[in-house]
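# Coordinate inspection notes
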Amino acid sequence: MLDMLIKGGQVVTPSGVGNWDVGVQGEQIVAVALPGVLSEEGATVIDAAGKIVVPGGVEAHVHAAANVQPGARETVPGTPNAGPAVHSLGALWGGTTTVVDFAPVPNEGDLAAGIHDFMSVWQGNAYTDYTTHCIYRNANSPDSIARFHELVEAGFPSVKIFTTNIRPPDAEGTSLTPLGRIDTGRLGDLMEQMHRHGGVLAVHGEDDGW
């Protein structure tokens, strides 16, 4: 039995576009079928006639959690920084249902708990689903890199690194996201761990000489 039935819309799938019905159970799409095939019994029926039905988008690069951390300065004095509520509401209006933020990896204690602590500002303030890329930097110890598997096991397989400090000296402090380059030794160790445990690496790849 379906929880929701979306009828009459032009449905976009990886296999093509057609006038199909979409069946939803819980939070998952479980069926895409020709009109009239899926039962309406017990389901909330949404009439999508004249509309395009697409899966929710994923925004893979959002800076929100750092903006509202304690002590974060306002980019424009007197104007609150855009936090999770603003980012996620704007995303939702554009058809994006998941956003991915950034969080620094701690050195001590439970690494995943540290990520959750940094991302706690999203709790109760999100109109979308959300997760985060984890940032490794020179400040990270060899032990925190060797424990990367703990992040994968907790559902945080994606890592962002910077090969240089991307802000010029006279613009220091203009970013609210925790930044900092990672040296090639740490990066090599991290890549070995990611290869071993199935992580995904995003590289902000500049060179200090350029």
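Definitions and cut-offs
Residues numbered from 1 in each chain as written. Predicted model: local features only at pLDDT ≥ 70, side-chain atom pairs only at ≥ 80, totals over all residues. Heavy atoms only, no water. UniProt positions renumbered as here; feature names shortened; annotations may be inferred. Pairing = 2+ DSSP bridges. Helix = DSSP H or I, 4+ residues; strand = E, 2+ residues; numbered from the N terminus. Axes fitted to C-alpha atoms, helices over the stretch in contact; angles between N-to-C directions. Contact = heavy atoms within 4.5 Å. Core = buried A, V, L, I, M, F, W, Y, C linked by side-chain atoms within 4.5 Å. Buried < 20%, exposed > 50% of the residue type's maximum accessible area, 1.4 Å probe, protein only. Salt bridge = Lys/Arg side-chain N within 4 Å of Asp/Glu carboxyl O.

The protein has the name D-hydantoinase in an unreviewed UniProt entry, where Geodia barretti is given as its organism. As its UniProt record puts it under Sequence similarities (unreviewed entry), the protein is described as follows: "Belongs to the metallo-dependent hydrolases superfamily. Hydantoinase/dihydropyrimidinase family."

## Considerations on the sheet that holds strand β9 (residues 96–104)
Hydrogen bonds along the backbone pair up the strands of a sheet, which may run parallel or antiparallel. The five strands lie next to each other as β8-β9-β10-β11-β12, forming an open sheet whose pairing is parallel. Each end of this open sheet is capped by a strand with a single partner; those strands are β8 (57–59) and β12 (200–204). Mean inter-strand twist for the sheet, computed between neighbouring axes without regard to direction, equals 30°. Bridging between β9 and strand β10 (residues 129–135) involves seven bridges; their strand directions are parallel. Bridge assignment links Asp101 to a residue of β10, and that residue is Thr132. Its contacts with the sheet put helix α2 (residues 111–119) on β9 and β10, and the angle it makes with β9 is roughly 115°.

## Some remarks on the nonpolar core
The biggest cluster of nonpolar side chains holds 26 residues, and the ones touching the most others in it are Ile115, Trp122, Tyr136, Leu151, Val159 and Leu190. Of the residues forming this core, the biggest block, four residues, is contributed by α2. Residues within four places of Ile115 in sequence aside, it is in contact with Ala103, Pro104, Val105, Thr132, Cys134, Leu151 and Phe156.

## Points about the pattern of salt bridges
The final tally for this structure, using the stated rule, is four salt bridges. For the salt bridge of Glu40 with Lys7, the shortest nitrogen-to-oxygen distance reads 2.6 Å. Of this pair, Glu40 sits in the loop between β5 (28–33) and β6 (44–47) while Lys7 is found in strand β1 (residues 4–7), placing the two residues 33 residues apart along the sequence. On the basis of relative accessibility, which here comes to 40%, the residue Glu40 falls in the partly exposed class. The network of salt bridges with common partners includes Asp143, Arg147 and Glu150.

## Regarding the sheet that holds strand β7 (residues 52–53)
Taken together, three strands build an open sheet; the order of strands is β3-β2-β7 and the sheet is mixed. Where the open sheet ends on each side, the last strands, each with one partner, are β3 (16–19) and β7. Where strand β2 (residues 10–13) meets β3, four bridges bridge the pair, whose relative direction is antiparallel. Along β3, the bridge assignment pairs Gln10 with Asn19.

## Focus: the environment of Ala91
Turning to its location among the elements, Ala91 is positioned in helix α1 (residues 84–93). Sequence separation of Ala91 and Tyr127 is 36 residues, and the distance between their C-alpha atoms is 8.6 Å. Sequence-distant contacts of Ala91, defined by excluding residues within four places in its chain, comprise Thr96, Val99 and Thr128.

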